[in-house]
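# Residue-level structure breakdown
Residues per chain, in single letters:
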Amino acid sequence: EILEPQLIAAIPPSCRQLIMIGDHFQLKPKVENHRLGRDLHFDRSLMERLLLRPGARYPQVSLTTQNRMRQEFLCMLLPIYPQLETNLERVRQNKPLSVVDKTMFFVTTQQHLESESKVGRSVMNSGEASIIMQFLHLILREGYEQKSVTVLGMYDGQVALLRGLLRDAGYPDVHVCTVDSYQGD
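Residues numbered from 1 in each chain as written. Predicted model: local features only at pLDDT ≥ 70, side-chain atom pairs only at ≥ 80, totals over all residues. Heavy atoms only, no water.

## Digging into the overall build of the chain
Looking only at helices and strands, one finds seven helices and six strands in the chain. When the helices and strands of the chain are listed from N to C terminus, the series reads α-α-α-β-β-α-β-β-α-β-α-β-α. Considering only C-alpha atoms, the chain reaches an extent of 60 × 45 × 30 Å along its principal axes. Counting all 185 residues of the chain, 22% fall into the buried class. Across the chain, every contact between residues at least 6 apart in sequence was considered, and the portion connecting residues at least 24 apart equals 58%. Accessible surface computed for the chain: about 13,700 Å², of which carbon and sulfur atoms make up 53%. Charge-centre separation for the chain: the mean point of 21 positive side chains lies 5 Å from the mean point of 21 negative side chains. (Helix = DSSP H or I, 4+ residues; strand = E, 2+ residues; numbered from the N terminus. Buried < 20%, exposed > 50% of the residue type's maximum accessible area, 1.4 Å probe, protein only. Contact = heavy atoms within 4.5 Å. Areas by Shrake-Rupley, 256 points an atom, 1.4 Å probe, with all protein chains shown as cover. Lys, Arg positive; Asp, Glu negative; His and termini not counted. Charge placed at Lys NZ, Arg CZ, Asp CG, Glu CD.)

Listed below in structure tokens is the structure:
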């Protein structure tokens, strides 16, 4: 997530070889100025710029097996990782919730507007948070333990809002974090 100038500044002149480990499809640098990101491509990581430029010949290896999500979620990743397969033995234990008909569904929340959060320069969406709370009430009422539930938010402001709502609702043990901080868990 680091901007390229910050990365370059951190490399000492004595460096003779740089090995970059990461995923150029994820976690783009955070650019405060939208114009810098859009017009000058500051929202592109050094790794992305190097690997995706025409004629690039840097050695690279891509993810081929995922161990976290159920097979039906894989369709969302195949456009980015066309060779990706699921470790079925490992994910078989990820059972679908008993309170829903499908394991993957989408809820349109575009009618709920974002607002500025008091957390940094982040945003939150109280309408979206309300939908999430309704769903959490349903699954927790069905007997799922708070500690077995994780809610992922895209922004720090949304996470802070959800944590407050969960605490007020008597659900302090539901894990809430940003997508960025959850990666690798």
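Here the narrative resumes, following the displayed structure.
## As for the side chain of Gln158
Here Gln158 shows up in helix α6 (residues 156–168). Owing to a relative accessible area of 3%, Gln158 belongs among the buried residues under this scheme. For Gln158, the side chain forms a polar contact with the main-chain nitrogen of Asn125, separated by 2.6 Å. Sequence-distant contacts of Gln158, defined by excluding residues within four places in its chain, comprise Val123, Met124, Asn125, Glu128 and Ala129. (Polar contact = N/O pair within 3.5 Å; in protein donor to acceptor, adjacent residues only side chain to side chain.)

## With respect to the pairing of strand β5 (residues 150–153)
Here β5 shows one buried face, formed by Val151 and Gly153, and one open face, formed by Thr150 and Leu152. On the question of chirality, the crossover connecting β5 to the parallel strand β6 (residues 175–178) by way of α6 is right-handed. (Right-handed = clockwise from strand over helix to strand, strands pointing away.)

## Some remarks on the packing of helix α5 (residues 126–141) against α6
At a minimum axis separation of 10 Å, α5 and α6 run at an interaxial angle of 45°. With respect to α6, the element α5 is oriented oblique. Where α5 crosses over α6, the two elements pack in a sense that is right-handed. Each of Ser126, Glu128, Ala129, Ile132, Met133 and Leu136 in α5 lies in contact with α6, whose residues at this interface are Gln158, Leu161, Leu162, Leu165 and Leu166. For the contact of α5 with α6, the per-class residue count stands at eight nonpolar, two polar and one charged. (Axes fitted to C-alpha atoms, helices over the stretch in contact; angles between N-to-C directions. Parallel < 35°, antiparallel > 145°, perpendicular 65-115°, else oblique. Left-handed = near helix turned anticlockwise from the far one by under 90°. Nonpolar A, V, L, I, M, F, W, Y, C, P; charged D, E, K, R; others polar.)

## A word on α6
With 13 residues, α6 should reach 18 Å at 1.5 Å per residue; the first-to-last C-alpha distance of 18 Å fits that figure. Those residues of α6 that sit buried are Gly157, Gln158, Val159, Leu162, Gly164 and Leu166. Elements in contact with the buried residues of α6: β4 (123–124), α5, β5 and β6. Phi turns positive one or two residues past the end of α6, at Gly170, with a value near 85°. (Expected span 1.5 Å × (residues − 1).)

## Quick word on α5
Under the 1.5 Å per step criterion, the end-to-end length of α5 is 22 Å for 16 residues, consistent within 8% with the ideal 22 Å. Looking only at α5, the buried set comprises Gly127, Ala129, Met133, Leu136, Ile139 and Leu140. If you follow the buried residues of α5, they end up packed against β5 and α6. Put simply, Asn125 is the residue that caps the front of α5, since its side-chain oxygen is 3.2 Å from the backbone nitrogen of Gly127. Just downstream of α5, Gly143 is the residue with a positive phi angle, here 110°.

## A closer look at the environment of Asp168
Residue placement: Asp168 occurs in helix α6. With a relative accessible area of 65%, Asp168 lands in the exposed category. Separated by 124 residues in the primary sequence, Asp168 and Arg44 have C-alpha atoms spaced 40 Å apart.

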